[in-house]
Amino acid sequence: MNILMFGPNGSGKGTQGAIVKKKYNLPHIESGAIFRENIGKGTEIGLKAKEYINRGELVPDEITIPMILDRLKKDDCKKGWLLDGFPRSKEQAVKLDEALKASGLALNVVIEVGLDREIAKNRIMGRRLCANDNNHPNNVFIDAIKPKGDKCRVCGGKLSSRADDQDGEAINKRHNIYYDTQTGTLAAAYYFKGLAKKDPKIKYVTIDGAPSLEKVNAELMSKLPS
Ligand code: AMP
């Protein structure tokens, strides 16, 4: 099963992605997490990507596209993958589509989590990252997933916030990219929506990201193939 996941920063896409990953037992390939890992390790990719990420800009395609396409060739992706955060532009969508076709891989499901831009921004500023698990949901502005004091609500791990999550200007830039239906991330999602209209083997699933995580998840599960 090969799955693409779209949703603005703050839509709960990462949390829903972690559940989808478990359902189908897939590696969860998150472009942003791969960049953060590279930054943490001080790799060449990390050094090049850091400034773009902190400004809320896209890391250039010549770094990002080969990084993701190489990742999809690793052994753990042979049984399928859940790709999250890539593609983020129409250009990347076209490149991914070409790469999949060239290697005879089919796309099975595309998930689009919809959310109003203002709600997404507030959620981003409240989110916190758990040192033990990237996918432990913690958000100081959402009652259902409020941290326990200053510790992770799931495991008690140390929490931190991302530099690019606390910078309103950087968030606006990220959202300008996401909500751009001409060349941005929604343009990438709609590119695959167009393919899904012509190809019944691709299922395009739209869900509303505004309700609680549990409700969003219930809607998502009811729409996914078993
Ligand atoms: P995320 O964790 O998905 O919010 O990604 C964090 C940052 O990583 C983004 O704001 C971009 O700077 C960079 N990034 C992630 N995915 C991509 C991508 N597909 N293309 C370019 N830059 C990306």
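Look up a bit, the structure's there.
What you see is a predicted model; the values in this text were computed from it and never measured. (Residues numbered from 1 in each chain as written. Predicted model: local features only at pLDDT ≥ 70, side-chain atom pairs only at ≥ 80, totals over all residues. Heavy atoms only, no water.)

S.K.: Would you mind showing me how to read the overall build of the protein chain here?
M.R.: Tallying secondary structure elements over the protein chain gives nine helices and seven strands in all. Taking 17 Å as the expected radius of gyration for a compact globule of 226 residues, we find that the protein chain reaches 17 Å, a close match to that expectation. Its C-alpha atoms give the protein chain principal-axis dimensions of roughly 50 × 40 × 35 Å. Taken across its 226 residues, the protein chain has 46% of its residues classed as buried. Pairs at least 24 apart in sequence give 68% of the contacts found in the protein chain among residues at least 6 apart. Summed over its atoms, the accessible surface of the protein chain is roughly 11200 Å², and 52% of this surface lies on carbon and sulfur atoms. A distance of 4 Å separates the average location of the 38 positive side-chain charges in the protein chain from that of its 29 negative side-chain charges. (Helix = DSSP H or I, 4+ residues; strand = E, 2+ residues; numbered from the N terminus. Rg over C-alpha atoms; globule rule 2.2 N^0.38 Å. Buried < 20%, exposed > 50% of the residue type's maximum accessible area, 1.4 Å probe, protein only. Contact = heavy atoms within 4.5 Å. Areas by Shrake-Rupley, 256 points an atom, 1.4 Å probe, with all protein chains shown as cover. Lys, Arg positive; Asp, Glu negative; His and termini not counted. Charge placed at Lys NZ, Arg CZ, Asp CG, Glu CD.)

S.K.: Sorry, what's going on with the site of the ligand here?
M.R.: Close to the ligand lie 16 residues, the nearest being Asn9, Ser31, Arg36, Glu57 and Gly85. A distance of 2.8 Å is found between an oxygen atom of the ligand and a side-chain nitrogen or oxygen belonging to asparagine 9. Within the contact set of the ligand, a nitrogen atom lies 2.9 Å away from a backbone nitrogen or oxygen of glycine 85. Considering the ligand on its own, with 480 Å² of exposed area, one finds that the protein chains cover 96% of that surface. (Near = heavy atom within 4 Å. Polar contact = N/O pair within 3.5 Å; in protein donor to acceptor, adjacent residues only side chain to side chain.)

S.K.: Where do I start with the sheet that holds strand S1 (residues 2–6) in this structure?
M.R.: Hydrogen bonds along the backbone pair up the strands of a sheet, which may run parallel or antiparallel. Here five strands make up an open sheet; going across it, the order is S2-S3-S1-S4-S7 and the pairing parallel. Only two strands of the sheet have a single partner each, and these edge strands are strand S2 (28–30) and strand S7 (203–208). For this sheet the average axis-to-axis angle between neighbouring strands, irrespective of direction, equals 20°. Bridge analysis of S1 against strand S4 (residues 109–114) gives four bridges, and the strand direction is parallel. Note that in S4 the partner of phenylalanine 6 across the bridge is glutamate 112. Packed on one face of the sheet, helix H9 (residues 213–223) meets S4 and S7 and runs near 160° to S7. (Pairing = 2+ DSSP bridges. Axes fitted to C-alpha atoms, helices over the stretch in contact; angles between N-to-C directions.)

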